[in-house]
Amino acid sequence: MAFVSASLSLGQVCGTTKLSTCRKSQAKPSNLKARSRLITCCASHSHSSQPTTSTSQDAELVHEPRNEEAPFLTAPVPGDEIVRTISANGFITCKAVLATGLVSGSCELFRTTPVAAAALGRALICVLLLSAGKKSNETVNIEFRVNGPIRSIVAVSNGLGEARGYVGNPRVDLPPNSQGKLDVARAVGQGLLAVVRRHPLWKQPYTGMISVKSGEIAEDVATYLLESEQIPSALGAGVYVEGGRVTAAGGYLVELLPGADEESISILERNIANLGMTPTELVRAGKKPAEIVAMIMKDLHPMQLASDVPRYKCSCTIDRLKRTLALIKKEELEDILSKEGRVEAICEFCGRAYYLDPEAARKAHAETATNNVEEADEVPKSS
């Protein structure tokens, strides 16, 4: 068995988390003290009972095209759950998610290797936690644009907990790192992390971007929250891979809001340190999201829990393929039709294959070429 753990950005000692000082010059003086001690503690833990030993391989296809529905694409997987609460004083929010079914289904869909499963699973857990409690049509998108063999990681979720994601190379296969653990950091490498928030009332989305610091996913997302949004946070994401399948996946997110008092911060630090288990270990020990929240929010008088059921849901349609045709010139369309006999698109998020015969493709191009195309990062790529 190999135990894979991201290094905690502010330290991990014997499986427990310690929170230490990180000051932001952008913070207003009145809030500096409350912001200074918490938290960029993020544990991205992944385990695999079968560590891989071969070198990385490139894979041009995300996965094979499919038109049939995998069960997890049509309904939530029983057992998956997100809960959230806020402390009675309104200064600390806490969320926890159990997403074993969602993560397992997505990794089976993409036929990921253990290291790719760990990366994708962590990203899905993080985006579910970031979007929990938002409006139903408000979305959060995280994207790692990196130079490592995994090439890219994309995860999107809305306020309903409807998530989707993919990795650029699901076949990446690396030997364990020097500690005998899944080498997610090496799979990711260096690059940029972009976080895009969309709200139905905003004229344009909010986009923040930082350099990838560790490649361990959750640690980088927590660093983004601190550096780009000035939100001190404790973020944990864990994935357990056994026999080539994800058998446990979950995590938690704690955020300090402006004005948090010293006593609340100290209690929170103590509670996180007293967890005594990684996110993966908490899930494998049978801890439900509500129990994890109760452990983290002990003595902070949390309000009544709100809960949602996460699910994997893709929004691709044949209409998106038609709108995509407006992005290419007529000459390019004719070249595709002459060589392929049709236009084909495969959704990167779910693998559905869409086809347009020459007549339908030309009609769609004529109808959409003069219209403005709405921005949609999930549009399938045409080929």
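What you see is a predicted model, and the numbers here were worked out from it, not measured in a lab. Numbers given for residues are sequential positions, taken from 1 along each chain in its written order. Confidence filtering applies because this is a predicted model: local features only for residues at pLDDT of at least 70, side-chain atom pairs given and counted only at 80 or more, and all residues used for totals across whole chains, interfaces and linings. Hydrogens and water are ignored here; the side-chain numbers use all heavy atoms of the structure.

1. Looking at unusual backbone geometry
Then comes step 1: Phi is positive for Ile217, which is not a glycine, with a value near 75°.
Then comes step 2: Along the chain, Ile217 falls in the loop between strand E11 (206-211) and helix H6 (218-229).
Then comes step 3: Among the residues examined, Ile217 registers a relative accessible area of 0% and is labelled buried.
Then comes step 4: A positive phi angle is found at Asp299, which is not glycine, with a value near 70°.
Then comes step 5: Each helix is a run of H or I in the DSSP string that is no shorter than four residues. Each strand is a run of E no shorter than two, and both are numbered from the N terminus. Structurally, Asp299 can be placed in the loop between helix H9 (289-296) and strand E14 (306-308). Here the term buried applies to any residue with accessible area under 20% of the maximum for its type, exposed to any over 50%, and partly exposed to those in between, with areas from a 1.4 Å probe on protein chains only.

2. Considering helix H3 (residues 100-110)
Then comes step 1: Extensive coverage of H3 is indicated by the burial of 10 of its 11 residues.
Then comes step 2: Those residues of H3 that fall on the buried side of the exposure criterion are Thr100, Gly101, Leu102, Val103, Ser104, Gly105, Ser106, Cys107, Leu109 and Phe110.
Then comes step 3: Phi turns positive one or two residues past the end of H3, at Arg111, with a value near 55°.

3. Section: the packing of aromatic side chains
Then comes step 1: Each aromatic pair joins two rings of Phe, Tyr and Trp (for Trp, the six-membered one) with centres within 6.5 Å, and gets the label stacked for planes under 30 degrees apart, edge-to-face for over 60, and tilted for any other angle. Enumeration over the complete set of coordinates arrives at two aromatic pairs.
Then comes step 2: Judged by centre distance (5.1 Å) and plane angle (55°), the rings of Phe72 and Tyr312 are tilted. One end of the pair, Phe72, is in helix H2 (residues 71-74); the other, Tyr312, is in strand E15 (residues 311-312), with 240 residues separating them in the sequence.
Then comes step 3: A residue is classified by how much of its surface remains accessible, and Tyr312, at 1% relative accessible area, is buried.
Then comes step 4: Both rings, one in Tyr166 and one in Phe349, keep their centres 5.0 Å apart while their planes meet at 75°; by these two values the pair is edge-to-face. Pair noted here: Tyr166 is in strand E9 (residues 162-167) and Phe349 is in the loop between strand E16 (343-346) and strand E17 (353-356), with a separation of 183 residues, a long-range link.
Then comes step 5: Accessibility expressed as a relative area gives 1% for Phe349, which makes it buried.
Then comes step 6: The aromatic ring of Phe349 is capped on one face by Arg164, whose charged end is 5.3 Å from the ring centroid.
Then comes step 7: We note Arg284 situated over the ring of Tyr240; from NZ or CZ to the ring centre the distance is 3.8 Å. Placement of a charge over a ring requires the Lys NZ or Arg CZ to be within 6 Å of the ring centre, with the centre-to-atom vector within 35 degrees of the ring normal.

4. Things to note about the side chain of Asn158
Then comes step 1: Position of Asn158 relative to the elements: it lies in strand E8 (residues 152-158).
Then comes step 2: The term polar contact refers here to a pair of N or O atoms within 3.5 Å; inside protein, the definition further demands a hydrogen-donor-capable atom paired with an acceptor-capable atom, and it admits residues adjacent in sequence only when both atoms are side-chain atoms. Polar contacts involving the side chain of Asn158 include one to the side chain of Glu162, which spans 2.9 Å.
Then comes step 3: Apart from the residues within four sequence positions on either side, Asn158 is in contact with Ser131, Ser136, Glu138 and Thr139. The contact criterion used throughout is that any non-hydrogen atoms of two residues lie within 4.5 Å.

5. So, the confidence of the model for the protein chain
Then comes step 1: You can read pLDDT as the predictor saying how much it trusts each residue, on a scale of 0 to 100. In the predicted model, the protein chain carries a mean pLDDT of 83, and 78% of its residues have values of at least 70.
Then comes step 2: Here residues 1-41 scores under 50 on pLDDT; set against residues more than four positions off or in separate chains, the count is 114 contacts.
Then comes step 3: The low-confidence segment residues 51-63 (pLDDT under 50) makes 44 contacts with residues lying over four places distant or belonging to another chain.

6. Comments concerning the environment of Lys95
Then comes step 1: Tracing the sequence through the fold places Lys95 in strand E6 (residues 92-98).
Then comes step 2: A relative accessible area of 10% means that Lys95 is categorised as buried.
Then comes step 3: Distance from Lys95 to Leu253, taken between C-alpha atoms, is 5.2 Å for residues 158 residues apart in sequence.
Then comes step 4: When sequence neighbours within four positions are dropped, the list of residues in contact with Lys95 reads Val83, Arg84, Leu129, Leu130, Ala132, Gly251, Tyr252, Leu253 and Val293.
Then comes step 5: A polar contact is formed between the side chain of Lys95 and the backbone oxygen of Leu129, at a distance of 3.0 Å.

7. A few points about the state of the cysteines
Then comes step 1: Note that a disulfide, as used here, is simply two cysteine sulfur atoms within 2.5 Å. Tallied over the full model, the rule gives zero disulfides.
Then comes step 2: Looking at Cys316, it has no disulfide partner, and the nearest cysteine sulfur is the one in Cys350, 3.6 Å off.
Then comes step 3: Cys316 sits in the buried class, given a relative accessible area of 8%.

8. Brief notes about the pairing of strand E13 (residues 245-256)
Then comes step 1: Buried residues dominate E13, accounting for 10 of its 12 residues.
Then comes step 2: Two elements, E6 and E13, share seven bridges in a ladder whose sense is antiparallel. Note that in E13 the partner of Thr93 across the bridge is Glu255.
Then comes step 3: Pairing analysis gives 10 bridges linking strand E12 (residues 233-242) to E13, with the strands arranged antiparallel. Residue pairing in the sheet places Ser233 in a bridge with Glu255 of E13. The pairing criterion for strands is at least two bridges between them, as found by DSSP.

9. Side note on the pairing of strand E10 (residues 191-198)
Then comes step 1: By the bridge criterion, eight bridges tie strand E7 (residues 139-146) to E10 in an arrangement that is antiparallel. The residue of E10 that forms the bridge with Ile142 is Val195.
Then comes step 2: Of the pairings in the sheet, the one linking E10 to E11 comprises six bridges and is antiparallel in character. In the strand pairing of E11, Leu193 is matched with Ile210.

10. Looking at the packing of H3 against helix H4 (residues 114-131)
Then comes step 1: Between H3 and H4, the shortest axis-to-axis distance is 10 Å and the interhelical angle comes to 140°. Overall, the two elements H3 and H4 adopt an arrangement that is oblique. Crossing handedness for the pair H3 and H4: right-handed. Between H3, through Leu102, Val103, Ser106, Cys107 and Phe110, and H4, the contact on the second element is made entirely by Ala117, Leu120, Gly121, Leu124, Ile125 and Leu128.
Then comes step 2: In terms of residue class, the contact of H3 with H4 is built from nine nonpolar, two polar and no charged. Here, axes are lines fitted to C-alpha atoms. For helices the fit covers the stretch in contact, and angles between N-to-C directions go from 0 to 180 degrees. In this scheme, roughly parallel covers angles under 35 degrees and roughly antiparallel covers those over 145, while 65 to 115 is roughly perpendicular and the rest are oblique. Each crossing gets its handedness from the near helix: less than a right angle anticlockwise from the far helix is left-handed, clockwise is right-handed. Any residue outside Ala, Val, Leu, Ile, Met, Phe, Trp, Tyr, Cys, Pro, Asp, Glu, Lys and Arg is labelled polar, Gly included; the first ten of those are nonpolar and the last four are charged.

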